[in-house]
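Now for the letters of each chain:
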Amino acid sequence: MVYEIPVKTRFCETDALGHINNVSYFIYLEEARTDFFAELGFGRDLNNWKIILASISCDFVSQGYYNQKLIVQTEVSKIGNSSFQLVHKIKDAESGKLIAKGQANAVHFNFDTQKSEGLPEEKRQQLEKYLIKEESHRGN
């Protein structure tokens, strides 16, 4: 299963050349990630937030522009004891052309103890619905 959100590029997200600014892609990935977490029940209560990012990356594949309609797709590529990895694809909504791809490593974290904790079984099951096989996220 793939989780998707639409994004419309705003003028303020572009640079002097009219391209989507590199920083904006990370904003799109964050929006997709937080919506995905809310969908799974991870991010509904900020007072009981349990997820932190260990790393995030984005590869810029082709140019994006002002007013372009995009789709951000999110899937899970790995699930560990206390961590999981998300993969994102940002595509042109009309053509399906790949614009950028990203990856985020997240950790289930206890802010009181300042340590990672094992993923609860119900959260693991939710993540497994979006789990992909390794070879399916290598391509476009």
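Residues numbered from 1 in each chain as written. Predicted model: local features only at pLDDT ≥ 70, side-chain atom pairs only at ≥ 80, totals over all residues. Heavy atoms only, no water.

- As recorded by an unreviewed UniProt entry, the protein chain carries the name Thioesterase and is attributed to Planococcus faecalis.
- As stated in UniProt under Sequence similarities (unreviewed entry), the record for the protein chain gives "Belongs to the 4-hydroxybenzoyl-CoA thioesterase family." (UniProt positions renumbered as here; feature names shortened; annotations may be inferred.)

So, the nonpolar core
- Phe36, Phe84 and Ile90 are the most contacted members of the largest nonpolar core, which totals 27 residues.
- Elements represented by at least two residues in this core include exactly β1 (3-8), α1 (22-40), β2 (51-60), β3 (69-79), β4 (83-92) and β5 (98-110).
- Ranked by residue count, the leading element in this core is α1, at seven residues.
- Here Phe84 is in contact with Phe37, Phe42, Ile51, Lys78, Ile79, Ala104, Asn105, Ala106, Leu119 and Leu127, once residues within four sequence places are set aside. (Core = buried A, V, L, I, M, F, W, Y, C linked by side-chain atoms within 4.5 Å. Buried < 20%, exposed > 50% of the residue type's maximum accessible area, 1.4 Å probe, protein only. Helix = DSSP H or I, 4+ residues; strand = E, 2+ residues; numbered from the N terminus. Contact = heavy atoms within 4.5 Å.)

Brief notes about the pairing of β3
- As paired strands, β1 and β3 are joined by six bridges and run antiparallel to one another. Bridging across to β3, Pro6 finds its partner in Ile71.
- Relative to β4, β3 runs antiparallel, the two sharing nine bridges. Bridging from a neighbouring strand, Glu75 pairs with Val87 of β4.
- Between the end of β3 and the start of β4, which pair antiparallel, lie three residues. (Pairing = 2+ DSSP bridges.)

Structural notes on helix α2 (residues 121-128)
- Listed in full, the buried residues belonging to α2 are Lys123, Arg124 and Leu127. The arc that holds every buried residue of α2, seen down its axis, measures 100 degrees, which confines them to one face.
- Buried residues along α2 sit against α1, β3 and β4. (Arc of directions from axis to C-beta.)

Topic: the packing of aromatic side chains
- Applying the stated criterion to the full structure yields eleven aromatic pairs.
- Measuring from centroid to centroid gives 5.8 Å for Phe37 and Phe42, while their planes differ by 20 degrees, and the two rings are stacked.
- A relative accessible area of 3% means that Phe37 is categorised as buried.
- Classification of Phe42 by relative accessible area gives buried; the value is 6%.
- Each ring, one from Phe37 and one from Trp49, has its centre 6.4 Å from the other, and the planes form 65 degrees; the classification is edge-to-face. (Phe/Tyr/Trp six-rings, centres within 6.5 Å; stacked < 30°, edge-to-face > 60°.)

Comments concerning α1
- Under the 1.5 Å per step criterion, the end-to-end length of α1 is 28 Å for 19 residues, consistent within 8% with the ideal 27 Å.
- The set of residues buried in α1 consists of Ser24, Tyr25, Tyr28, Leu29, Ala32, Arg33, Phe36, Phe37 and Leu40.
- Elements in contact with the buried residues of α1: β1, β2, β3, β4, β5 and α2.
- The backbone nitrogen of Val23 lies 2.8 Å from a side-chain oxygen of the residue at the head of α1, namely Asn21. (Expected span 1.5 Å × (residues − 1). Polar contact = N/O pair within 3.5 Å; in protein donor to acceptor, adjacent residues only side chain to side chain.)

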